[in-house]
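# Architecture at a glance
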Amino acid sequence: MTVQPEPASEATEPVLFARVEKATQEAGLIIMGALHPRLSQAKQLENGTLVLLGTAGAFWPALKASPEWLDHQRDPIDRWSSRVIGQMAQDFGAQAYFPFGGPPYTPFIDWALKSGRTFSSPIGALVHDAVGMLTSFRGALHFVDEFDIPQAAEQSPCVTCPAPCTLACPVGALNADSFYDVDACHSHLNSVAGQSCMTGGCAARLACPLSEGAGRLAEQSAHHMKAFHPS
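Residues numbered from 1 in each chain as written. Predicted model: local features only at pLDDT ≥ 70, side-chain atom pairs only at ≥ 80, totals over all residues. Heavy atoms only, no water.

### What to know about the overall build of the chain
Across its full length, the chain holds 11 helices and 8 strands. Scaling as 2.2 N^0.38, a compact globule of 231 residues should have a C-alpha radius of gyration of about 17 Å, and the chain matches this with 18 Å. Across the 231 residues in the chain, those meeting the buried criterion constitute 45%. Residue pairs at least 24 apart in sequence account for 66% of intrachain contacts in the chain once pairs closer than 6 positions are excluded. If you sum the accessible surface of the chain, you get close to 11,800 Å²; carbon and sulfur atoms cover 55% of it. Taken together, the 14 basic and 22 acidic charged side chains of the chain have centroids lying 7 Å from each other. (Helix = DSSP H or I, 4+ residues; strand = E, 2+ residues; numbered from the N terminus. Rg over C-alpha atoms; globule rule 2.2 N^0.38 Å. Buried < 20%, exposed > 50% of the residue type's maximum accessible area, 1.4 Å probe, protein only. Contact = heavy atoms within 4.5 Å. Areas by Shrake-Rupley, 256 points an atom, 1.4 Å probe, with all protein chains shown as cover. Lys, Arg positive; Asp, Glu negative; His and termini not counted. Charge placed at Lys NZ, Arg CZ, Asp CG, Glu CD.)

Here it is, written out as structure tokens:
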């Protein structure tokens, strides 16, 4: 889909965000947050509007039908993201940014935390108000103009949550005290008992009640776990 860019104005600002949201959904992504760098003091940017893009249920089928997946070459997700979000940026007259390709790396964690929709969880991992701890940012669109964006709740969902994430890891690698014991995690994944995490996804991240909103299939989780723990 080709979208003709248009200047932002009082009449077009809400329409522009709606059009970006529609194009995002058609691509198999979701808007995971938006912010005005001037107001939030976001790193690396000074003005305009930044829209953060990530994955939910429609992403995996879109990826598997793509040339990047079907060519069986390396890094299909990053290559898909570059093509799809790069085209969206061109269509809307925006600048595309990606969380990969560094160093140096683009400050996506800072942007996410300042969007008012992503927060730090009790185990240190990011938690998003719609997809829980299964957060996966694939890119961002930066627009020169400031235009209206939805107001975020700006209160962490963890405030009212009993925090099952702190107890879900079978070996306590992700917990409220030490946050992340990397060695314990990888040792567990090498064991027979750890194969359920390898094939189904991280138990601590899945324990977050909001993670269900990511619509993530076990096949997708297994792909990510293999990339995280290839041996």
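Further notes follow.
### Considerations on the nonpolar core
Counting 26 residues, the largest nonpolar core has Val20, Val51, Leu53, Phe59, Ile85, Leu141 and Phe143 as its most contacted members. In terms of residues, this core owes the most to one element, helix α5 (residues 76–92), which gives 7 residues. With near-sequence residues (within four places) excluded, leucine 141 lies in contact with Val20, Thr49, Leu50, Val51, Leu53, Ile85, Met88, Ala89, Ala94 and Gln95. Grouped together as the second largest cluster of nonpolar side chains are 15 residues, Leu35, Leu50, Ala140 and Ala214 included. (Core = buried A, V, L, I, M, F, W, Y, C linked by side-chain atoms within 4.5 Å.)

### As for helix α11 (residues 218–228)
For α11, the set of buried residues is Gln220, Ser221 and Met225. Down the axis of α11, the buried set is contained in an arc of 135 degrees. They therefore lie on one face. Away from its buried face, by an angle of more than 90 degrees, α11 presents the exposed residues Lys226 and Ala227. Of the surrounding elements, those touching the buried residues of α11 are α3 (59–64), α8 (182–189) and α9 (195–200). (Arc of directions from axis to C-beta.)

### Observations concerning α8
Residues Cys185, His188 and Leu189 constitute the buried set of α8. Mapping the buried residues of α8 onto a view down its axis gives an arc of 100 degrees, with all of them on the same face. On its buried face, α8 sits against β8 (179–180), α9 and α11. The backbone nitrogen of aspartate 183 has a side-chain oxygen 3.3 Å away, supplied by the residue at the start of α8, namely aspartate 181. (Polar contact = N/O pair within 3.5 Å; in protein donor to acceptor, adjacent residues only side chain to side chain.)

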